[in-house]
Amino acid sequence: MPDMKKYVYIQTFGCQMNERDTETLAGMLEDLGYFQIDAQDNADMIILNTCCVRETAESKVFGLLGRLRKLKVANPNLIIGVCGCMPQQQDVAKKIRHSFPFVDLIFGTHNVHELPRMLQQIQETKEAVLEVWSTERGIAENIPVRRKDKLKAWVTIMYGCNNFCTYCIVPYVRGRERSRKPEDIIHELEDLARQGYKEVTLLGQNVNSYGKDLNINYYFADLLINIEKVEGLERIRFMTSHPRDFDQRLIDVIAASNKVCQHFHLPAQAGSNRVLKLMNRGYSREQYLKLIQDIRKAIPDSSITADIMVGFPGETEEDFEDTLDLVRQVRYDSAFTFIYNIRSGTPAAKMEQVPEEVKTARIQRLIELQNNISLENNIQDEGKILEVLVEGETKTNREKLAGRTRTNKLVVFEGPMELSGRLVSVKINKGRPNLLEGELVLVSANK
Ligand code: SAH
Ligand code: SF4
Ligand code: F3S
């Protein structure tokens, strides 16, 4: 009997919002009889869920599309789709259409839930479909989902961004801020807890402005208070929070919580007030440092991480030194570092640019400084006994288990595979640049 199963390969680029959208694509496709596979070979459908936050992400997709042409020639029945943030830019959608005419389906971030209908249309008309909604139209709930992980789940609590940082394309491709209703979020979380999920990460471009658009006097701190009550969930994380909207009430709610993890990803972007202003970040260096101080005062063992950018237009050596100084003062546990990249249509694209070689030299200095601090911070953890949620065996060494602390640090230690999915206590023996090594000391009775 011929193999009647249909296979889909989805490649995801960009942030967790896209990863979560891919889980929705996979869920809807599963209902249509598709099995998700992790390679292009033998696929009946290939979908690229794209990102456009930097040029490198876009070039990867164009490169891949070039290579997919051959697969399409070999198998004309293969369906190729491109979705996500790239096609939300009109000129890019057109470019894909013209340069890669073999692509069957192009859609954007606002109509992910329309995939089944669009596929049906392709089947009926045998013609390509290009459907990108230029603006958001409310939130679609109760869409099937096929989650990648059995232990940790992503839950989108809001879509879009209103901040318009002058370098950033995200508000243009993700639309304005829309918060999901609290009851929809809580139902999803209760369902996850019933399925055995232990950890959830609440997602949004700016989670701490959650609720502002709902006009029901209910905000991110209120949501955290209600999520805390969902039985079975052990750990609550969230990303990303904007430093400008992080208020004392939120800090107090997190400090009082048993489940919200002591990890704060607070993108600083820059340490110079002049640059922060040009970026339209809405906080000063002093306000940012005060926030870190307030968090550490209320929640002493907090881990702080950030996104930091170098080479924003007009950034002088002195501005850059301010960024290095901020990094030295905060002493981040880790940081994602980026070289500023022009995104057309954003205000910063028209400002005076910093030469490439200057940007490259600056990022190297920044990375070196941050790496030293990360290692020093990890060495500080030596001797501590930390709670670890065991994720399974490590990728490189099958004898060892890996998991994460509440501060989101990776821990590697010896132990039996059966501990996967459990919360254990691990004594840290060695701090390494990107992880902690330890030994198992205690397995909690029923968690
Ligand atoms: N909403 C999140 C981040 C979204 S994008 C926040 O505000 O923190 C993730 C990171 O990509 C940003 O924090 C920023 O550091 C980086 N980024 C965004 N646009 C960029 C650009 N044009 N060039 C380089 N890095 C950029
Ligand atoms: Fe981009 Fe700024 Fe919005 Fe983050 S807050 S997504 S950096 S515009
Ligand atoms: Fe990229 Fe879109 Fe996320 S541009 S960073 S995938 S919101």
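Sequence order as written defines residue numbering, which begins from 1 separately in each chain. Chain letters and ligand numbers both follow the written order, the letters beginning at A and the numbers at 1. Only residues with pLDDT of at least 70 are given local features in this predicted model, and only at 80 or more are side-chain atom pairs given and counted; all residues enter the totals for whole chains, interfaces and linings. The side-chain numbers reported here are obtained from all heavy atoms of the structure, hydrogens and water having been left aside.

1. Details of the overall build of the protein
Note the threshold: Strands are runs of DSSP state E lasting at least 2 residues, helices are runs of H or I lasting at least 4, and numbering of each runs from the N terminus. Note on method: radius of gyration uses C-alpha positions; expected globular size equals 2.2 Å times residues raised to 0.38. Throughout, exposure labels follow a simple rule: accessible area from a 1.4 Å probe, protein chains only, divided by the maximum for the residue type, with under 20% read as buried, over 50% as exposed, and the rest as partly exposed. In what follows, residue pairs with any heavy atoms lying within 4.5 Å of each other are defined as contacts. Neither His nor the chain termini are counted; the positive set is Lys and Arg, and the negative set is Asp and Glu. Here the site of a charge means atom NZ of a Lys, CZ of an Arg, CG of an Asp or CD of a Glu.
Tallying secondary structure elements over the protein gives 12 helices and 19 strands in all. For the protein, whose C-alpha radius of gyration is 23 Å, the value lies close to the compact-globule estimate of 22 Å for 447 residues. Taken along its principal axes, the extent of the C-alpha atoms in the protein is 65 × 60 × 50 Å. Relative to its 447 residues, the protein shows a buried fraction of 52%. Across the protein, contacts joining residues at least 24 apart in sequence account for 73% of those joining residues at least 6 apart. Put simply, the protein has 60 plus and 62 minus side-chain charges, and the middle of one group is 1 Å from the middle of the other.

2. Regarding the UniProt feature "domain: MTTase N-terminal" (unreviewed entry) in the protein
The condition that has to hold: UniProt positions are given in the numbering used here, feature names are shortened, and annotations may be inferred rather than shown by experiment.
Residues annotated by UniProt as "domain: MTTase N-terminal" (unreviewed entry) correspond here to residues 6–124. Overall, residues 6–124 shows 47% helix and 22% strand. The separation of its end C-alpha atoms is 18 Å.

3. Remarks on the site of ligand 1
Keep this limit in mind: Throughout, the term near means that a residue has one or more heavy atoms lying within 4 Å of the molecule or strand in question. Counting of polar contacts relies on pairs of N or O atoms within 3.5 Å, with two restrictions inside protein: one atom must be capable of donating a hydrogen and the other of accepting it, and residues adjacent in sequence are counted only when both atoms are side-chain atoms. Working definition of accessibility: Shrake-Rupley area with a 1.4 Å probe, residue cover restricted to the visible protein chains. Polar here means any residue outside two lists: the nonpolar Ala, Val, Leu, Ile, Met, Phe, Trp, Tyr, Cys and Pro, and the charged Asp, Glu, Lys and Arg; Gly therefore counts as polar.
In the region of ligand 1, 15 residues are neighbours, and Gln205, Pro267, Gln269, Asp307 and Asn341 sit closest. In this structure, an oxygen atom belonging to ligand 1 sits 2.7 Å away from a side-chain N or O atom of Gln269. At 2.8 Å, a backbone N or O of Asn341 approaches a nitrogen atom of ligand 1. A total of 530 Å² of accessible area belongs to ligand 1 in isolation, and the protein chains cover 90% of it. Of all elements in the fold, only strand S13 (303–310) and strand S14 (334–339) reach the threshold of two or more residues within the shell around ligand 1. Residue composition of the shell around ligand 1, by class: seven nonpolar, four polar and four charged.

4. A few points about the sheet that holds strand S3 (residues 45–50)
Just so we agree on the cut-off: Note on pairing: DSSP must find at least two bridges between two strands before they are called paired. Lines fitted to the C-alpha atoms define the axes, with helices restricted to the stretch that makes contact. Angles between their N-to-C directions range from 0 to 180 degrees.
The six strands are arranged S2-S1-S3-S4-S5-S6 in an open sheet whose pairing can be described as parallel. Edge positions in the sheet fall to strand S2 (34–37) and strand S6 (129–131), since each has one partner strand and no second. Pairwise comparison of adjacent strand axes, ignoring direction, gives a mean angle of 20 degrees for this sheet. Here helix H2 (residues 55–74) sits on the sheet and contacts strand S1 (6–12), S3 and strand S4 (79–84); the angle it forms with S3, its principal contact strand, is near 170 degrees.

5. Remarks on the site of ligand 3
Within the structure, ligand 3 sits among Gly14, Cys15, Asn18, Cys51, Cys52, Val53, Cys85, Arg174 and Gln205. Partitioning the shell around ligand 3 into residue classes produces five nonpolar, three polar and one charged.

6. Considerations on the nonpolar core
We count it as follows: Within this scheme, the nonpolar core is defined by two criteria: the residues are buried Ala, Val, Leu, Ile, Met, Phe, Trp, Tyr or Cys, and they are joined through side-chain atoms within 4.5 Å.
Within the largest apolar cluster, 65 residues are counted, with the highest numbers of intra-cluster contacts made by Leu202, Phe220, Phe246, Tyr288 and Tyr332. With sequence-adjacent residues up to four places away left out, Tyr288 is seen in contact with Pro243, Leu266, Pro267, Ala268, Tyr283, Ala306, Leu326, Val330 and Tyr332. Listed in part, the 26 residues of the second largest apolar core include Cys51, Cys52, Val61 and Ile169.

7. Details of the environment of Leu189
Tracing the backbone through its elements, the reader meets Leu189 in helix H6 (residues 182–194). Taking the C-alpha atoms as reference points, Leu189 and Trp154, separated by 35 residues in sequence, lie 9.9 Å from one another.

8. Topic: the sheet that holds strand S11 (residues 235–239)
If you walk across this open sheet you meet the three strands as S7-S10-S11, and the pairing is parallel. Edge positions in the sheet fall to strand S7 (152–156) and S11, since each of these pairs with one other strand and no more. Ignoring strand direction, the axes of neighbouring strands in this sheet form an average angle of 25 degrees. Relative to S11, strand S10 (residues 199–203) runs parallel, the two sharing five bridges. Its bridge partner lying in S11, Glu199 is registered against Arg235. Seen against the sheet, H6 touches S7 and S10 and runs at an angle of roughly 170 degrees to S7. Lying on the sheet, helix H7 (residues 220–228) is in contact with S10 and S11; it crosses S11 at an angle near 155 degrees.

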